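Given next are the chains, with one letter for each unit.
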Amino acid sequence: MTTQNKIQHRQLGSKGLTVFPLALGCMGMSGMYGAADENESIATIQAALDRGMTLLDTGDFYGSGHNEMLIGRAIKDRRDKALISVKFGALRTPDGGWIGIDSRPAAVKNFVAYSLTRLGVDHIDIYRPARLDPQVPIEDTIGAIAELVTAGYVRHIGLSEVGADTIRRAHAIHPISDLQIEYSLISRSPESEIFPVLEELGIGVTAYGVLSRGLLSGSTPATQGDFRAYLPRFSKENLAQNQRPIEELKQIAAEKGVLPSQLAIAWVLAKGRNIVPVIGARKRTQLSESLAALDVNLSPEDLTRIETAIPASAIAGTRYDEHQMQMLDSER
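Values in this document were obtained by computation on a predicted structure and should not be read as measured data.

1. Observations regarding the overall build of the chain
Point 1. Broken down by element type, the chain carries eleven helices and twelve strands.
Point 2. Compactness check: the chain gives a C-alpha radius of gyration of 19 Å against a globular reference of 20 Å for 332 residues, within 12% of the reference.
Point 3. Dimensions along the principal axes, computed over C-alpha positions, put the chain at roughly 55 × 40 × 40 Å.
Point 4. The 332 residues of the chain split such that 57% are buried.

Spelled out as C-alpha cells, the structure:
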C-alpha cells in the first residue's frame with residue numbers, strides 16, 4: 001500500500017502550488033450520479049485528507065451550494081490539510097436546470113462571497129470560471145479574480161475547459177496555476193494543441209473524467225438522477241460498441257494484477273509530471289482503490305501497448321451532448 005512518505009508531490013503552475021498527485025473530485029457527492037450518503041461522503045473527504053491528499057475540487061453550482069456546505073463540514077477541523085479548488089459561473093434553477101454562464105466581474109465577486117460562507121473559510125486556494133462566458137472577455141473575468149487575489153480571498157487562479165488562445169489571454173493578465181479539463185485514455189483531444197501551450201507557459205493540469213465517468217471501470221447509469229444517462233457514450237447503441245476496447249483494458253489490467261480503474265488512473269499519472277488526476281470517489285472503498293493506482297508503474301512500452309489496444313478513435317460518442325460540446329471553448 002502506498003505510504004505518504006513515498007509520494008512525490010506535483011506542482012501546479014510556475015508559482016509553485018504543490019499538491020498530492022491525486023485530487024479528490026467531490027461533484028458526485030451532491031446528486032450528479034444519483035443519491036449519495038452524506039455521512040459517507042464526509043468520511044471519504046476526511047479519509048482522503050488523513051491519507052495525505054491535499055486538493056479538493058468542487059463547484060459552487062454542485063447541488064446548488066450543497067457540495068460546498070458538505071466540504072465545509074468535512075474540513076471544519078482539517079482546514080490546514082486541505083487545498084480547495086472552486087469552479088463558479090454556472091447558473092441553475094430551483095428544479096436543478098441549467099440556464100447559462102455568468103462571469104461578469106461583479107458576479108465573480110458575488111459568487112466568491114457566497115462560496116467563502118458555505119465553505120466556512122477565509123480564502124479559496126484555486127478559483128476558476130467553470131466555462132468560458134461568450135459575453136464576457138476572459139481578461140475581465142481574470143482581472144476580477146486577480147483583485148480577489150490581491151485582497152486575500154483567493155490564492156491562485158485556474159481555468160476550466162478553455163482552448164489555447166483563451167489560456168494565453170488569461171495568463172497574460174495573471175499567472176494561471178492549472179487548467180481543469182477532461183483527459184483520459186479515451187478523451188485525448190487536449191494533447192494536440194492545449195497541452196503544448198500549458199507546458200510552454202508552465203501551467204499545470206487537473207484532469208477530470210480520468211475514468212470517463214466510470215466507462216473505463218465498468219460503471220454505468222443505474223439510479224434515477226444519474227446524469228450519465230444523457231451522455232452519448234452511455235447510450236444503448238454506443239455503450240455496446242464501447243465495451244470492446246474496455247475489454248482490452250480489462251485484459252491488460254488483469255495481466256498486471258490491478259483493476260482497470262487503477263490502470264486508467266496510472267496511465268494519466270504517467271503522461272506528465274504536471275498532470276494531477278481528479279478522482280471522483282464517493283465512498284472510502286472507492287478512494288482506497290484509486291489511491292492504489294499510485295503503486296502501478298508503467299514503462300514507455302506499457303504506455304504504447306495500452307494506447308494501441310485502446311485507441312480513443314475506437315470510442316463511440318462524444319463526452320457531452322451536442323449542446324454542451326458547442327459550449328466548450330476547449331473543443332473549438
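2. A few points about the sheet that holds strand E10 (residues 176-182)
Think of a sheet as strands paired side by side through backbone hydrogen bonds, with each pair either parallel or antiparallel.
Point 1. Strand order in the closed barrel made by the eight strands is E3-E4-E5-E8-E9-E10-E11-E12, with parallel pairing throughout. Strand-to-strand twist in this sheet, taken as the mean axis angle between neighbours without regard to direction, amounts to 30 degrees.
Point 2. In this structure, strand E3 (residues 23-25) lies alongside strand E12 (residues 275-279), joined through two bridges in parallel fashion. Within E12, the position partnered with Leu24 by the bridge is Ile279.

3. Quick word on the environment of Pro190
Point 1. By the element assignment, Pro190 lies in the loop between E10 and helix H6 (194-201).
Point 2. You can call Pro190 buried: its relative accessible area is 1%.
Point 3. For Pro190, the residues in contact, after removing those within four places along its chain, are Ile181, Glu182, Tyr183, Phe195 and Pro196.

4. Side note on the confidence of the model for the chain
Point 1. Confidence along the chain averages 91 in pLDDT terms, with 92% of residues attaining 70 or more.
Point 2. Note that residues 1-5 has pLDDT below 50 and, in this model, eight contacts with residues that lie over four places away or in other chains.

5. Details of the nonpolar core
Point 1. Counting residues in each nonpolar core, the largest one holds 101 residues, and the members touching the most others are Leu24, Ile45 and Tyr127.
Point 2. Top contributing element to this core by residue count: helix H8 (residues 260-270), with seven residues.
Point 3. Counting residues in hydrophobic clusters, the runner-up holds eight residues, among them Met27, Met32, Tyr33 and Ala130.

6. Things to note about the environment of Ile279
Point 1. Looking at the element boundaries, Ile279 is found in strand E12.
Point 2. Taking the relative accessible area as the measure of exposure, Ile279 reaches 3% and is therefore buried.
Point 3. Linking Ile279 and Asp125, residues 154 residues apart in sequence, is a C-alpha distance of 19 Å.

7. Quick look at the pairing of strand E4 (residues 55-59)
Point 1. In terms of residue burial, E4 counts as a mostly covered element, since five of its five residues are buried.
Point 2. The alternating pattern of E4 places Leu55, Asp57 and Gly59 and Leu56 and Thr58 on opposite faces, both of which are buried.
Point 3. Both E3 and E4 contribute to a ladder of two bridges, which runs parallel. Looking at E4, one finds that Leu24 is bridged to Leu56.
Point 4. Tracing the backbone out of E3, into helix H1 (residues 38-50) and back to the parallel element E4 gives a crossover that is right-handed.

Reading guide: rules and limits
- Residues take numbers from 1 onward in each chain, read along the sequence in its written order.
- Since the coordinates come from a predicted model, pLDDT governs what is reported: local features require at least 70, and pairs of side-chain atoms require 80 or more to be given and counted, while whole-chain, interface and lining totals use all residues.
- Computation of side-chain values covers all heavy atoms of the structure but excludes hydrogens and water.
- Numbering goes from the N terminus for both helices and strands, where a helix is a DSSP run of H or I of at least four residues and a strand is a run of E of at least two.
- Radius of gyration: C-alpha atoms only; globule rule: 2.2 Å multiplied by the number of residues to the exponent 0.38.
- Under the scheme applied here, a residue whose accessible area is under 20% of the maximum for its type counts as buried, over 50% as exposed, and between as partly exposed, the area being computed with a 1.4 Å probe on protein chains only.
- A pair of strands is treated as paired once DSSP finds two or more bridges between them.
- In this description, a line fitted to the C-alpha atoms serves as the axis of each element, helices being fitted only across the stretch in contact, and the angle between N-to-C directions of two axes falls anywhere from 0 to 180 degrees.
- Any two residues having at least one pair of non-hydrogen atoms within 4.5 Å are treated as being in contact.
- The quantity called pLDDT is the predictor's confidence in a given residue, expressed from 0 to 100.
- Residues enter a nonpolar core if they are buried and are Ala, Val, Leu, Ile, Met, Phe, Trp, Tyr or Cys, with the set joined through side-chain atoms within 4.5 Å.
- Note on handedness: a clockwise path from strand one over the helix to strand two, with the strands aimed away from the viewer, defines a right-handed crossover.

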